[in-house]
Amino acid sequence: LYFTAFIPLKYSSYLRDAELATSWDGWLASADSALSRPVYFGGENAVFLAQQLVRFDKAGQVSNNPKIEKIALKIAGVLNAYSQKYPHNLAYPTWLGQIYLVLGENFSTEYFKQAEAIFQNALNISPNKQETMILLARTYLLENNPEKALVLQKKAVEVAPDVAESHWFLGLTLVASGDRKAGLGEIEKALELGYSLTKDSKLYILDLY
């Protein structure tokens, strides 16, 4: 009962505490506790925490705090272990790569190389997975390599032309490559397909026009 019921419940409660945390200190402490002991759902723990950290980053809430970097690397370590253990489960490398993108944007651009290698390996396993193409293309953009990003984004549209996100990201990549007119065309196509804009993305489009 202790190992199969109490311990899982205890470490699940840490995840719940992380979800309800109202400060970085609270989230970091709960995340650290959730990862402090190997449990049979450790991979899912790490995915859950990675999703939260990526969400914080998209909201512009991640700062250059060494404590955040330490927890991010701890999450990455668990995800990497599960990626090795289950090499055909793409959930682990998908979130592992995104953790390295967060680290690269906020701490050191050296992390981008790790993200690139992870996404490339995932794409080798599943060559037509659109999400991986978009993430790898984003990595290339962050590495200031829009040409490589453009090849992938075009392929993502070819794979799933009715998906709004593929046109949105192709549009962003075209703009980054210097082709604003074609980029706006793809952005408009994304909107026609129902892409939902945030306040920041609305301001971005207005700026392009």
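Before any of the text, the structure's been laid out above.
Residues numbered from 1 in each chain as written. Predicted model: local features only at pLDDT ≥ 70, side-chain atom pairs only at ≥ 80, totals over all residues. Heavy atoms only, no water.

### Considerations on the overall build of the chain
- For the chain, the count of helices and strands is eleven helices and zero strands.
- The secondary structure elements of the chain, listed N-terminal to C-terminal, are α-α-α-α-α-α-α-α-α-α-α.
- Its C-alpha atoms give the chain a radius of gyration of 19 Å, near enough to 17 Å, the size a compact globule of 209 residues would have.
- Each principal axis of the C-alpha atoms in the chain carries an extent, and together these give about 60 × 35 × 35 Å. (Helix = DSSP H or I, 4+ residues; strand = E, 2+ residues; numbered from the N terminus. Rg over C-alpha atoms; globule rule 2.2 N^0.38 Å.)

### What to know about helix α10 (residues 180–192)
- Taking 1.5 Å of rise per residue, 13 residues should cover 18 Å, and α10 covers 18 Å from first to last C-alpha, within 8% of that figure.
- Taken together, the buried positions of α10 are occupied by G183, L184, I187 and A190. When α10 is viewed along its axis, its buried side chains cluster within an angular range of 115° and face the same direction. Exposed and oriented more than 90 degrees from the buried face of α10 are K181 and E192.
- Looking at the packing, one finds that the buried side of α10 touches α9 (164–176) and α11 (199–208).
- Immediately downstream of α10, the backbone of G194 shows phi near 100°, a positive value. (Expected span 1.5 Å × (residues − 1). Buried < 20%, exposed > 50% of the residue type's maximum accessible area, 1.4 Å probe, protein only. Arc of directions from axis to C-beta. Contact = heavy atoms within 4.5 Å.)

### Considerations on the packing of aromatic side chains
- Summed over all chains, the structure comprises eight aromatic pairs.
- With 5.6 Å between their ring centres and 90° between their planes, W24 and W27 make a pair best called edge-to-face. Of the two residues, W24 and W27 both sit in helix α2 (residues 24–34), three residues apart, roughly one turn of that helix.
- By relative accessible area, which is 23% here, W24 ends up partly exposed.
- Relative accessible area serves as the criterion here: at 2%, W27 is assigned to the buried category.
- Ring centres of W24 and F56 lie 5.1 Å apart, and the angle between their planes is 70°; this geometry places the pair in the edge-to-face category. Taken together, the residues span a long stretch of sequence, with W24 in helix α2 and F56 in helix α3 (residues 42–58) at a distance of 32 residues. (Phe/Tyr/Trp six-rings, centres within 6.5 Å; stacked < 30°, edge-to-face > 60°.)

### Quick look at the nonpolar core
- Counting residues in hydrophobic clusters, the biggest one holds 47 residues, and the most contacted among them are W27, L49, L53, I75, L79, I99 and Y100.
- Secondary-structure elements contributing two or more residues to this core are α1 (2–20), α2, α3, α4 (66–85), α5 (91–106), α6 (111–125), α7 (130–142) and α8 (146–159).
- Aside from chain neighbours lying at most four places away, what touches Y100 is L73, A76, Y111, Q114, A115 and I118.
- With nine residues, the next largest nonpolar core counts V175, L184, I187 and I205 among its residues. (Core = buried A, V, L, I, M, F, W, Y, C linked by side-chain atoms within 4.5 Å.)

### Structural notes on α3
- Counted at 1.5 Å a residue, the expected span for α3 with its 17 residues is 24 Å, and the 24 Å between its end C-alpha atoms agrees.
- Summarising burial for α3: twelve of the 17 residues are buried, a large majority.
- Every buried residue of α3 is accounted for by G42, G43, N45, A46, V47, L49, A50, Q52, L53, V54, F56 and D57.
- Positive phi appears at G60, one or two residues downstream of α3, with a value of about 75°.

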